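Residue-level structural notes
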Protein chains: 2
Amino acid sequence: MNALKVGEAAAAIGSSARAIRLWQAKGLIPASDRSEVGYRLFTESDLDRLRFIRQAKDLGLTLGEIKRILDLRQEGATPCPQVVTLLEAHIAAIDRALADLHRLRATLTGVRDHADELAGDGVICAIIERRGACPPAVRHERDRANQG
Amino acid sequence: MNALKVGEAAAAIGSSARAIRLWQAKGLIPASDRSEVGYRLFTESDLDRLRFIRQAKDLGLTLGEIKRILDLRQEGATPCPQVVTLLEAHIAAIDRALADLHRLRATLTGVRDHADELAGDGVICAIIERRGACPPAVRHERDRANQG
DNA sequence: GTTGACCTTAACCTAACGGCAAGGTTTTAC
DNA sequence: GTAAAACCTTGCCGTTAGGTTAAGGTCAAC
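Residues numbered from 1 in each chain as written. Chains lettered and ligands numbered in written order. Predicted model: local features only at pLDDT ≥ 70, side-chain atom pairs only at ≥ 80, totals over all residues.

Digging into the overall build of chain A
Assigned secondary structure in chain A consists of 7 helices and 2 strands. Sequence-ordered secondary structure for chain A, helices as α and strands as β, is α-α-β-β-α-α-α-α-α. Looking at the 148 residues of chain A, the share that counts as buried comes to 24%. Put simply, 47% of the contacts in chain A that link residues at least 6 apart link residues at least 24 apart. (Helix = DSSP H or I, 4+ residues; strand = E, 2+ residues; numbered from the N terminus. Buried ≥ 20, exposed ≤ 12 C-beta atoms within 10 Å, placed from the backbone. Contact = placed C-beta atoms within 7 Å.)

Digging into the protein's contact with DNA strand D
Close contacts around DNA strand D come from 22 residues, with Arg18, Ala19 and Thr62 of chain A together with Gly7 and Arg40 of chain B the closest. Of all the secondary structure elements, the ones that give two or more residues to the surface near DNA strand D are α2 (17-25), α4 (63-74) and α7 (141-146) of chain A together with α1 (6-13) and α2 (17-25) of chain B. Tallied by class, the residues present in the surface near DNA strand D amount to 8 nonpolar, 7 polar and 7 charged. (Near = placed C-beta within 6 Å. Nonpolar A, V, L, I, M, F, W, Y, C, P; charged D, E, K, R; others polar.)

Thoughts on the protein's contact with DNA strand C
Neighbouring DNA strand C are 22 residues, the closest being Gly7 and Arg40 of chain A together with Arg18, Ala19 and Thr62 of chain B. Only α1 (6-13) and α2 of chain A together with α2, α4 (63-74) and α7 (141-146) of chain B provide two or more residues apiece to the surface near DNA strand C. In terms of residue class, the surface near DNA strand C is built from 8 nonpolar, 8 polar and 6 charged.

Quick look at the packing of helix α5 (residues 80-113) of chain A against helix α5 (residues 80-113) of chain B
Where α5 of chain A meets α5 of chain B, the closest approach of the two axes is 9 Å, and the angle between their N-to-C directions is 155 degrees. Put simply, α5 of chain A runs roughly antiparallel to α5 of chain B. By crossing handedness, the relation of α5 of chain A to α5 of chain B is classed as left-handed. Residue composition of the contact of α5 of chain A with α5 of chain B, grouped by class: 20 nonpolar, 4 polar and 6 charged. (Axes fitted to C-alpha atoms, helices over the stretch in contact; angles between N-to-C directions. Parallel < 35°, antiparallel > 145°, perpendicular 65-115°, else oblique. Left-handed = near helix turned anticlockwise from the far one by under 90°.)

Comments concerning the domain arrangement of chain A
All names here are of chain A. With domains assigned, chain A is organised as domain 1 (6-74) and domain 2 (80-146). With 5 residues of domain 1 at the interface, the matching set in domain 2 holds 4 residues. Classifying every residue of the side of domain 1 that touches domain 2 by side-chain character gives 3 nonpolar, 1 polar and 1 charged. (Domains from an automatic or database assignment.)

Considerations on the environment of Ala25 of chain B
One can find Ala25 of chain B in helix α2. Owing to 9 C-beta atoms within 10 Å, Ala25 of chain B belongs among the exposed residues under this scheme.

Observations regarding α4 of chain A
Along an α-helix, a turn takes 3.6 residues, which lines up residues three or four apart on a common side. Residue and element names in this part refer to chain A. Helix length check: α4, at 12 residues, gives a terminal C-alpha distance of 16 Å against a target of 16 Å (1.5 Å per residue), a fit within 8%. Burial in α4 covers these residues: Ile66, Ile69 and Leu70. One face of α4 carries all of its buried residues, which in axial projection span an arc of 95 degrees. On its buried face, α4 sits against α3 (44-58) and α5. (Expected span 1.5 Å × (residues − 1). Arc of directions from axis to C-beta.)

Comments concerning the confidence of the model for chain A
Residues and elements named next belong to chain A. Considering every residue of chain A, the mean pLDDT works out to 80; 74% of them sit at 70 or more. Averaged pLDDT values over the elements of chain A bottom out at 38 in α7 and peak at 96 in strand β2 (residues 40-41). Note on residues 132-148: pLDDT is under 50 here. Beyond four places in sequence and across chains, it has 13 contacts. (pLDDT = per-residue confidence, 0-100.)

Re the environment of Glu75 of chain B
Residue and element names in this part refer to chain B. With respect to the helices, strands and loops of the structure, Glu75 is situated in the loop between α4 and α5. When the 7 C-beta atoms within 10 Å are taken as the criterion, Glu75 is described as exposed. Here the alpha-carbon distance between Glu75 and Arg18, two residues 57 residues apart in the chain, equals 28 Å.

Brief notes about α1 of chain A
Residues and elements named next belong to chain A. Residues Ala9, Ala10 and Ile13 constitute the buried set of α1. In a view along the axis of α1, the buried residues occupy a sector of 100 degrees, so they form one face of it. Packing partners of the buried residues in α1 comprise α2 and α3. Gly14 lies just past α1 and shows a positive phi near 75 degrees.

Details of the environment of Glu44 of chain A
For Glu44 of chain A, the position within the fold is in helix α3. Spatially, the C-alpha atoms of Glu44 of chain A and Asn2 of chain A are 8.0 Å apart, while their sequence positions differ by 42 residues.

Written as structure tokens, this is what we have:
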């Protein structure tokens, strides 16, 4: 038989054994067959699903989103319309992140370039303190992900 | 006296009481005075330090980096040169993130724009599966931060 | 028969808090 | 004068997507 163990399956799809176990624990893939001693065994059709997950991850989808797509498909629905919606939400998020990063970059280079002019008589560090009004805090991508 | 409780101090610097407690637990600010019943009490000079932390955070520095700056200053050193180095490292990281996001955005819009052409006969979702070779995985900013 | 490469689960680590619990305190309103 | 609202305390769990041990079982090769 051509059943693969988790490490072999991981190598086949270009991911890690740990990641595959996590996907399984999170319900993205069903409980796999086990060998007599308990090793996970993956078939070719299992690999298709694993590859799908990896490709979706390459597109920046979260495991939760991928699970939703997979569940939709399981219910017989075609998830593609929701996927397009999802992609558009991600594109919008990327645009926000790009704008934030551009702004932050401008602030940072500005601060760095004026570092010389700032005498070292700030209380802690003049570079950080002597730069006029604080621009509104730039929230990082990861912050936005966690709390709206 | 004008000692502020943690919630008042948080409001004064534009952060949260929870964040201030965290900064204290991580050693960015010393153990503050306490009222008779154990409430944290902050003076004006405490606020300066809190404001410094918030400003440094606005520049994208991590709490660990800010602590290092604060510790340097405590040892009598002027942290500014290291701060410049830090800023340049952050700018470089931002540039990498920008490049990654631009690439991911291009991939995403490409996938979205060709969604119509892809018949729904993919195993799970044609949009995700039928797009030729997978570009190398784009690692997100937060991944890079956690493990080199 | 032992070394080394693989597998198992479990638990801890990352960044920076938010949320909630369970209880004590202060303030405000009736 | 007291009751409720609004604070405060500590502490633990949750968030992302796994990496990294730990402790132990399994399998192939030498």
